[in-house]
Each structure stands twice: as C-alpha cells, then as structure tokens.
Amino acid sequence: MPDASTPRFRHAVVTGGAGFLGSHLCTTLLAEGTAVTCVDDFCTGQAGNVAHLTGHPAFALLPADVTEPFDAPGGPGAAGPPDLVLHFASPASPADYLRLPMHTLETGSLGTRNALALARRHGARFVLASTSEAYGDPQQHPQSETYWGNVNPVGPRSVYDEAKRFGEALTTAEAGAHGTDTGIVRLFNTYGPRMRGHDGRAVPTFVRQALADEPLTVTGDGRQTRSLAYVDDTVRGILAMAASDLRGPVNIGNPAEITMLDLARKIIALAGSGSAVRFVERPTDDPAVRCPDITLACGKLQWEPCVDADEGLARTIHWFREHAAA
Ligand code: NAD
C-alpha cells in the first residue's frame, strides 16, 4: 500500500469528486501524497462530502460542469499538470438519472470526451468509471467482461446504461486513435458512508428506513439479487486499475450475492430496528440478477474485496446514525 512518501501519482483530477465514490477517492489519494483537483457541478454531489479536505494544501475544488471543456494545468500546491484523470462524474442512482436524463447522456458523452481531452493534453493515465449496468438485465451469470450485455436502448434506464456504454466506446477509440493511456472499470453496486439517504439506492434507503423504524420498501417479491461491495474495497480496486497499464474493461465488485429481501432483513437486524418489510412495485427493466466475475481483477490487479456485508453494513449504519445525529 503506497503512502505519502511514495505516491503513485503526482496530481490526480477526479471528476465527480464531490460525490459518494469520488469523495472517497479524493480522500485516499491525498492520504497517499497525491495532489487532487476535484471537479464537480454538484448536480448530485455535495460540498459537505469534501468539506474535510478543504484547506488541505494539496487539494483544490473546481466547480465546473464537465460537459464543457475544462482544465487543471497547475494543480494545487504547484503540483504540476495531472498525471491521472479519474472520470467519475455522472448521476448514478436511478432516481437521479431519471430526474436528469439529458444531463446524464451529455455527461457520459460530452463529459467523457472532455475528460479524455484533458488526459491527452497532459499525457495522463485516464480511468473511466463504467458500470455493471453495461450488462443490462444479464442473460449470463455471473457477468464476465467478455459478455456484451442485454440493454434496452429505449427503456427508462437507457439514459444511464447507454451513456456508459458510449463512454466505453469513446474511451476505447481514444486509446486507438490518439494513444492515450486509458482504462475502464465496470463497477458493481458499492455502498458506504456519504451515500444520500434519499438517493433511491437500496442500502441507504433501507438504512434510513430502519433507523427511523419505518417499513423497509422492498421492490417486487424481493428475490432479485445484487452484489454489494463496501466502498473501501471498490476504491482500492479503482486505484489498482489506475496504477496498472490495463485497458480493461475490468469488473470491480464483490461476488457475494444477496437477495433484496435478505438485505432488508440483515439491515433490520444490524440496526437493531423494529421495522417491518413492505413490498412495493418493481421498476421497469430492473435487473433480476447481478454478480461480477472478478477473475480478471484477481489475476491482473491482485485485487479482491475483503470487507464482508456484516462489517460493511455495520460501518454504514454507524455513519448514518452519527450523521443523522449531527
Ligand atoms: P454520485 O451521484 O454520488 O456522484 C457523482 C458525482 O458526479 C456527483 O458529485 C455529481 O455532482 C457529479 N457530476 C455529475 N454530472 C456532472 C457533470 N456534468 N459535471 C461535473 N460533475 C458532475 O454517484 P457515485 O455513486 O459516487 O458514482 C460515481 C461514479 O461511479 C459514476 O460515474 C457512476 O456511474 C459510477 N458507478 C457507481 C456505482 C456505485 O455503486 N456507487 C456503481 C457503478 C458505477
């Protein structure tokens, strides 16, 4: 594990750095001694997510919409031009991207183009945050990187899924056309501190409801599965990908699969809540199963998740409890 005396990168630009994953990436990179420019338009992110970094001499916050060209030539603390661009800007929860359909498509297309141009201009390594949603409602299980997916191009989720798939195509073309050093990670569901209780994703929704002793709203019959990774594991995988020369795509996720009903029951138990479960309508095109094949990441990045659901959920519940109290 690198530390501040041997940083892997001099200056990282993190688009979407004030979001859930982006803010954890900024924090970890700074702790490793990398200067960080966080670029965010706050459409779903929050300044509070990076408030603990404000004032750090190697941290700069650049409020900007990446669908317009942007640059970070000097870097905080005269770090110099970026040698790493992590492109994480994008609405990510279904509630957000259904509310922001055009912005989601433009961030995945124009935003990815502008982030790639930044990396090319400075000769930086570029990593695209893609998603397991690129597999759509999968007909192969678990999903390996060679599976092309099953996406409805005109369904309600398509604004996100197809934006990410276009982003992957653009990133791949960029490497071929311009020789830019690019990598693609396909992230599976990740949870942890700094998620928003009302962002619509299962873990923060269930935790918020459990802590308020409200019924946990499980969609459908609750037998659909997800594979949930704790944020520290996902961040470690992303940074291993950044430090490699792999193009990917590479799956980063935790293969431990759980049904939504079991997840709800586990959160009720861990929170010591008196909540019941209430079944509600399942959204259109909601995938039935989701589980990463992580053979590639294990072999090429020597990465695998190490935080199990009980531990990760306990940490998350603790954060939500403290946060609500604050
Ligand atoms: P998030 O909504 O918390 O963070 C996204 C950030 O991007 C926010 O701070 C938002 O304000 C910013 N943003 C969006 N559009 C922008 C634009 N045009 N210009 C500048 N900033 C913009 O979501 P997250 O869960 O942290 O996801 C981060 C990235 O990881 C996304 O690209 C998402 O697709 C990907 N991802 C996340 C998960 C997960 O489980 N969290 C899974 C797969 C992929």
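These remarks concern the structure in this document. (Residues numbered from 1 in each chain as written. Predicted model: local features only at pLDDT ≥ 70, side-chain atom pairs only at ≥ 80, totals over all residues. Heavy atoms only, no water.)

In spatial order, the strands read β3-β2-β1-β4-β5-β6-β11; together these seven strands make up an open sheet with parallel pairing. Either end of the sheet is taken by a strand with one partner, and the two such strands are β3 (59–63) and β11 (250–252). With strand direction ignored, the average angle separating the axes of adjacent strands in the sheet is 20 degrees. Docked against the sheet, helix α6 (residues 231–243) engages β4 (84–87), β5 (125–131), β6 (182–187) and β11, running at close to 160 degrees with respect to β6. (Pairing = 2+ DSSP bridges. Helix = DSSP H or I, 4+ residues; strand = E, 2+ residues; numbered from the N terminus. Axes fitted to C-alpha atoms, helices over the stretch in contact; angles between N-to-C directions. Contact = heavy atoms within 4.5 Å.)

A few words on the site of the ligand. What surrounds the ligand is a group of 32 residues, the closest being Leu-21, Asp-40, Thr-44, Tyr-160 and Lys-164. For the ligand, an oxygen atom lies 2.5 Å from a polar atom in the side chain of Tyr-160. One of the side-chain nitrogen or oxygen atoms of Lys-164 is found 2.7 Å away from an oxygen atom of the ligand. Protein contacts shield 98% of the accessible area of the ligand, which totals 820 Å² for the unbound molecule. For the shell around the ligand, the elements supplying multiple residues, two or more each, are α1 (20–31), α3 (101–122), β5 and α4 (158–178). Partitioned by chemical class, the residues of the shell around the ligand number 15 nonpolar, twelve polar and five charged. (Near = heavy atom within 4 Å. Polar contact = N/O pair within 3.5 Å; in protein donor to acceptor, adjacent residues only side chain to side chain. Areas by Shrake-Rupley, 256 points an atom, 1.4 Å probe, with all protein chains shown as cover. Nonpolar A, V, L, I, M, F, W, Y, C, P; charged D, E, K, R; others polar.)

Counted according to the given criterion, the structure contains five aromatic pairs. Ring centres of Tyr-97 and Tyr-160 lie 4.6 Å apart, and the angle between their planes is 5 degrees; on these two criteria the pair is classed as stacked. You can see Tyr-97 sitting in helix α2 (residues 94–99) and its partner Tyr-160 sitting in helix α4, a full 63 residues away along the chain. Residue classification places Tyr-97 among the buried positions, given a relative accessible area of 1%. (Phe/Tyr/Trp six-rings, centres within 6.5 Å; stacked < 30°, edge-to-face > 60°. Buried < 20%, exposed > 50% of the residue type's maximum accessible area, 1.4 Å probe, protein only.)

This is a description of form; function is not addressed.
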